[in-house]
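Coordinate analysis (summary)
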Amino acid sequence: MESKPIVTYHGNQVLFSSLRSIVLQGLPKEPAEWRRSYGRPPKSVNLEASFVPYDEDILPEETDKTLVSRPYFHIFWTDCDLESYKQTVREEMAEWCSGLKNHNIPDWLIVVVVTDETKVKSKLLPRSSVIDKVRSDFCGKQPDRCFVLVEPLKSDPKSAESWNTFFVRLRQLLLQAYGRHLTKYEDNMRGLREKRNEAGWNFQEYFLVQEELGFMFEMMGLYDDALIQYDELDALFTQFVLNHASGVTVEWLLTLIKPCTSWAGLSLIKPIDREKRDCVRDNKASLLEFRNYLFSRQCAILFLMNKPWEVVQRAIDFFHNTVQEMKVLEVQIPLGGLDCWVFLSALEVLQHCQKQAESVQNKSYSLYTASLWDYACRKLRLLGELCGLMPNQTEQPSSEQLSRVIDLTSGMGIEEIDPAVTQPRPRDKLREALSSRESFQKIYLELSELTMGTFKHIGRFRSARLLGKDLAHFYMQLGEPQKAENFLVDVEKSYHQEGWYQLVEATRLELANCQKYIGDVTRYVKTACQVAGSQTLKLSEREKHMTEVLQIADEHKADEPITLRASPLFFIVESSVQIKEEKVSLDEKVEVEFVIQNNSPFSISCNKIWLTLKSFKPDQNVMEKRAKVINQKPNVFRTGSDASLDKQVTNFKPVRRQMPSLINLQASIEGTKKGIPSLCGITCVNTHELLKRADSAGGSIGKQEPVKLETSNILCLENVKLQQADNRIRFMGQAQEAGTFKLQQVGIQIQGLEFLKDLDVENYITVGTEEPYCLIQPEVILAGVPQEVVVTLHTGSYSIPSTNKLVVRESPDITVDTGSHDKSLVLEKTPKETSTKMKMTIFMETRANGPEITENKIVFDCDWLTRPVIAKVQFLHPFKIEHHLRTCKERKFLQIQVSGSSEPNFELTEWNLIATNTCDVDLVPHNFSHHKLRVNKHQLASCIWQIKPNIQQDIDLELQFHMMYRCLESGIQTVNDYKKKQHVIHKFHLSHFQTLYTAHIDVTPKSEDKVCKIGSMVCMKLHVKAMENNSISKDQNLIYEVSADQSMWGLYGKTTGTFSLEKGDYSTQMNVMPLLTGFLHYPKVTISKYDQTASEDIWVKNDNENQEQEKQDNCQDFSESFTKAAVSDVDNPSPNDNSPAKTKESKLAAIIAFKTGQVYYSSIGQQIQVYPENASTDLEVTVL
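About the criteria used
Residues numbered from 1 in each chain as written. Predicted model: local features only at pLDDT ≥ 70, side-chain atom pairs only at ≥ 80, totals over all residues. Heavy atoms only, no water. Helix = DSSP H or I, 4+ residues; strand = E, 2+ residues; numbered from the N terminus. Buried < 20%, exposed > 50% of the residue type's maximum accessible area, 1.4 Å probe, protein only. Contact = heavy atoms within 4.5 Å. Areas by Shrake-Rupley, 256 points an atom, 1.4 Å probe, with all protein chains shown as cover. Patch = residues over 30% accessible without salt bridge, like charges linked within 9 Å, V, L, I, M, F, W, Y side chains within 5 Å. Salt bridge = Lys/Arg side-chain N within 4 Å of Asp/Glu carboxyl O. Lys, Arg positive; Asp, Glu negative; His and termini not counted. Charge placed at Lys NZ, Arg CZ, Asp CG, Glu CD. Pairing = 2+ DSSP bridges. Axes fitted to C-alpha atoms, helices over the stretch in contact; angles between N-to-C directions. Core = buried A, V, L, I, M, F, W, Y, C linked by side-chain atoms within 4.5 Å. Domains from an automatic or database assignment. Left-handed = near helix turned anticlockwise from the far one by under 90°. Nonpolar A, V, L, I, M, F, W, Y, C, P; charged D, E, K, R; others polar. Expected span 1.5 Å × (residues − 1).

Some remarks on the overall build of the chain
The helix and strand tally for the chain stands at 24 helices and 49 strands. The buried share of the chain, taken over its 1184 residues, is 46%. For the chain, long-range pairs separated by at least 24 residues make up 73% of all intrachain contacts whose partners lie at least 6 apart in sequence. When the accessible area of the chain is evaluated, it comes to approximately 62,600 Å², of which 49% is carbon and sulfur surface.

Below you can see the structure in the form of structure tokens.
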């Protein structure tokens, strides 16, 4: 609103003119807090004012009830000196104050402008300045009514501070004046409203009173409060209308319900339509005019609040309520006049909101404009039907319709020109639409397309498709069914996805008529079959379309068949599928049975019905029977277009396009240069499917059309008549191909039509082709012994036609004896699925070492076999041969141990040990070679030879152990080989076995009684001596390591040390402490080589491997294994520390372990008895 609260100025006019611009700019610069009465929350207000010269004639009287034209505040400006004040200014100021007092106006302020700051600070004479005189003469009881403005035209900080103080004081006084007047005005308005039920009360008068209050709030910038005033007036008027409808009538309402002669639409060009306001004031406005004015004021305030979307939102309710009020009050209006008013008003709102919508969220704005566009389209369609402008009205408009167009056009009024709007005004558009049928069709289609686009923009596809249904009817009337078909298909999809199945059937009926009019036979047949299979449409419609389908089928029987989905005309009950035998053999009978439900209105004769079987390779999980999940209809919630309008709608399924299940990607290489690609990437092949708009996807509902499978595995029935309801169909055929088959597709042929249904059932038919196989018994055969076995041949799905030979082919390490020179077995005539048995002898040489069981294969072949049959044979080696090196000082003994691995007894004879690579060693046996030994799983045999080298040098020995054996169990061998002996050889290598050093440990108690007691320190002596035949240099550095079980011995002193045998021997000692009583083994000592010239890595042989080699030694060359460690002298060692020593300065070296037998530990196995210390109770004694 352009009006502002009025403030008068008086006094020095020239002075205020020089300060006017500063006052106008500074007053609204900062907001002020306005605290109102009745507990209402405070408001932040930017005050503005209109300054006018003071005139006593414009001062309001007490009886004046205006707010807009009232002067609210009065200011007297002066900059006079003391003399001028006494002569003229004082008298003028007194007259000004007297005039305000006579009109009972307390809102005033005297501003004294001082250009010299010294006048303010001078205090030589009391009350000698103009300021003091003014305060004493006029502001004695109200000192805040006088303000001193210091040097206002300067730009220094003091002047700015003076201005700020002045504006704060002025804003405070202005708000006090506003509050006092508004409080008094609201009290009077409240009293007037309370008299609304009294006789003679007039709503129009009260309307102007409360609107005045709205004007005041609008001038102050309080648009929320101003809008509340109009909303209260709207609600009050609506209540009077409802009371009138219930029988309570008032006189002032009778003028509004007079016959309506003007249905000019809403006008939002001017913020205040003065002409309509005068009509309301003079009680001459009609109901539509009053409603137009009231809503235009609400829109004007909402535009000031920058809320155009709320204007559109209110407009929808406003139109509906006004139409209902016209009907309730029974206001007479020509037919179509109210529709014209709605159309004109809707377009006016949309046109003005479009200018404001650029600065707001377009999505929120479109959420409301979509419904308003739809409302305008429906009203335009009604006007077209009334005026004979619809396409289905073939005749020209009648004289009555032409007269109606003239009357409606004249009642629209004269259009106001808005220079800010360049597009056609609503009246011009409606006049053009009513002028001719072509113009009407053009404008109606434009508005409909715009409405549909708005609905789609905000995601309300259902509303868009409902509007599309109206457009489809319109295009059908225009004779353009091609355009109507897509709209009908979209509506059908929307209904189907939301579960409105009766609406789906009704829409299909319209779609069938549309497609028939187009002449597209294929699509019409598909839709007609759906109509014929419907259970909700009338029987006559179903029979009609089914008859037409059969006619088309008969016409196209010579052409390529038209492929259709079986449902809903034919429904295959998948749960009724039954297979008599799921596993059959070749050439056996296959029988499948299921139910076909005929939903057509009568019985149908089918040329043939077939069942297609698809071959596939099933996974293990596929063949298992899966549980069926019951599909329950969940509550699906729809998300609104605006986040503030999220509402949950039960059972609503939004229209969504099904995304492709597969994203097809392929590599893309571009711009190759010199063999190097400059651009590599991934390209999506089916981009058009992924990025296709969901609302523009055409086609019918459901899955894609099924494709007829071309395969030879088909079960077929011919000339079948399908009765109404359920028909049990039984297929019978012969298995001609081996494999696993799934029931894939059912087809029904009726002349030139083929109805297909892809099955999704867990039923499979397995056609077996069991291959022949051989079994050899017993499953495990002893190696090294000729043994008779039984060969069982199972023919499987094949039969042996006549006498044949089964050729046996063995592997190189197996010997087979079948009794014939060509190693074949004779086969007699044998039917399929039977077995025949044969005998043969198998022999495999045994091994001294390796795994106990060896698996081998024997191949059987024959002319009637499609491929050779392989039988697996397992051979058990009856015994295992091991060797161990034993040492007694410099003497060496070799133990050969034969352990059995089978239950049968074996007799061992003629054993012998020879060296194959040298004659410088004597192998002296300590067993009698003529003795016979027995070996089985529970008994082993051993032989010992002493090794006596004839030379001093270290030699390597290649040894062979020979022996003869035979099995003592007659049931194992064949009779002819029962007494035949077999020969076995065990070869091995022996090196570095001569004794180089002997190590001896002696543990001596320190006590006088020479008794070792627990917890007492004892002395452990180590003595190392080189053998006389040791050819190794005595300068060889050695290292010893002492270790013990921490629970048995405590070690004190050096546990590791290096030494050499320059003098032939070496001795050292250390302190140890027994920790247990009883017989304890001595601590363990290990002697190794010590090489200081090695690399930085330190290596020591693994203890576990060393211990293992002490127990058994295979005496073969092997690479020495080592482990990192650090070795040197130890300072202050801790007890029980068995690890290699750790020092502050470690020296890196290499520790190389001796091979088994090179060091003889003479103290191994020795024990010492440990006694308790002064035991007085029972003790626990350990014997090791």
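Here's the deal with a positive patch on the surface
Where like charges cluster on the molecular surface, the positive patch consists of Lys889, Arg891, Lys948 and Lys1025. In this structure, Arg891 sits in strand 30 (residues 891-900). Judged by relative accessible area, which is 42%, Arg891 ranks as partly exposed.

Some remarks on the sheet that holds strand 11 (residues 589-598)
With respect to topology, three strands assemble into an open sheet ordered 9-11-16, the strand pairing being antiparallel. For this open sheet the edge positions go to strand 9 (570-579) and strand 16 (725-734), each flanked by a neighbour on one side alone. Neighbour-to-neighbour, the strand axes of this sheet turn through a mean angle of 25°, independent of strand direction. Pairing of strand 9 with strand 11, which is carried by six bridges, proceeds in the antiparallel orientation. Looking at strand 11, one finds that Phe570 is bridged to Asn598.

Re unusual backbone geometry
The omega angle of the peptide bond from Ser567 to Pro568 is 5°, so this bond is cis rather than trans. Relative to the assigned elements, Pro568 resides in the loop between strand 8 (562-565) and strand 9. The backbone phi angle of Lys889 is positive, close to 55°, even though this residue is not glycine. Not every positive phi belongs to a glycine, and Glu910 is a case in point at roughly 55°. For Glu910, the position within the fold is in strand 31 (residues 906-915).

Details of the nonpolar core
Trp77, Phe166 and Val349 are the most contacted members of the largest nonpolar core, which totals 138 residues. Each of domain 1 (6-196) and domain 2 (198-414 + 423-458) contributes no fewer than three residues to this core. Apart from residues lying up to four places away in sequence, Trp77 is in contact with Tyr9, His10, Gly11, Asn12, Leu15, Phe16, Leu19, Val23, Val111, Val113, Leu149 and Phe166. Of all hydrophobic cores here, the second largest spans 48 residues; its members include Ala528, Phe570, Val584 and Ile609.

Things to note about the pattern of salt bridges
Considering all chains together, one arrives at 42 salt bridges under this definition. Linking Arg462 and Glu498 is a salt bridge whose minimum nitrogen-to-oxygen distance equals 3.1 Å. Of this pair, Arg462 sits in helix 17 (residues 461-478) while Glu498 sits in helix 18 (residues 481-498), and the two are 36 residues apart along the sequence. Relative accessible area serves as the criterion here: at 7%, Glu498 is assigned to the buried category. Salt-bridge contacts for Lys823 lead to Glu810; the nearest nitrogen and oxygen are separated by 2.4 Å. With Lys823 in the loop between strand 24 (815-817) and strand 25 (824-827) and Glu810 in strand 23 (residues 804-810), this residue pair connects regions lying 13 residues apart in the sequence. When its relative accessible area of 29% is taken as the criterion, Lys823 is described as partly exposed.

Some points on a negative patch on the surface
A cluster of acidic side chains, namely Asp55, Glu56, Asp57, Glu91, Glu92 and Glu95, defines a negative patch on the protein surface. By the element assignment, Glu95 lies in helix 2 (residues 82-102).

A look at the packing of helix 1 (residues 13-26) against helix 5 (residues 157-194)
At a minimum axis separation of 11 Å, helix 1 and helix 5 run at an interaxial angle of 65°. Helix 1 and helix 5 meet at a crossing whose hand is right-handed. Here Leu19, Ile22, Val23 and Gly26 of helix 1 come into contact with helix 5, specifically with Trp163, Phe166, Phe167 and Arg171. Considering only residue class, the contact of helix 1 with helix 5 consists of six nonpolar, one polar and one charged.

Some words on helix 10 (residues 287-304)
Every α-helix winds through 3.6 residues per turn, so residues three or four apart in the chain are directed the same way. The end-to-end C-alpha distance of helix 10 is 26 Å, a good match for the 26 Å that 18 residues give at a rise of 1.5 Å each. Buried residues dominate helix 10, accounting for 16 of its 18 residues. Of the residues one or two after helix 10, Asn306 is the one with positive phi, at around 60°.

A few points about a nonpolar patch on the surface
The grouping of Ile663, Leu665 and Ile682 at the surface amounts to a nonpolar patch, some 330 Å² of accessible area in total. Mapped onto the secondary structure, Leu665 falls in strand 13 (residues 665-673).

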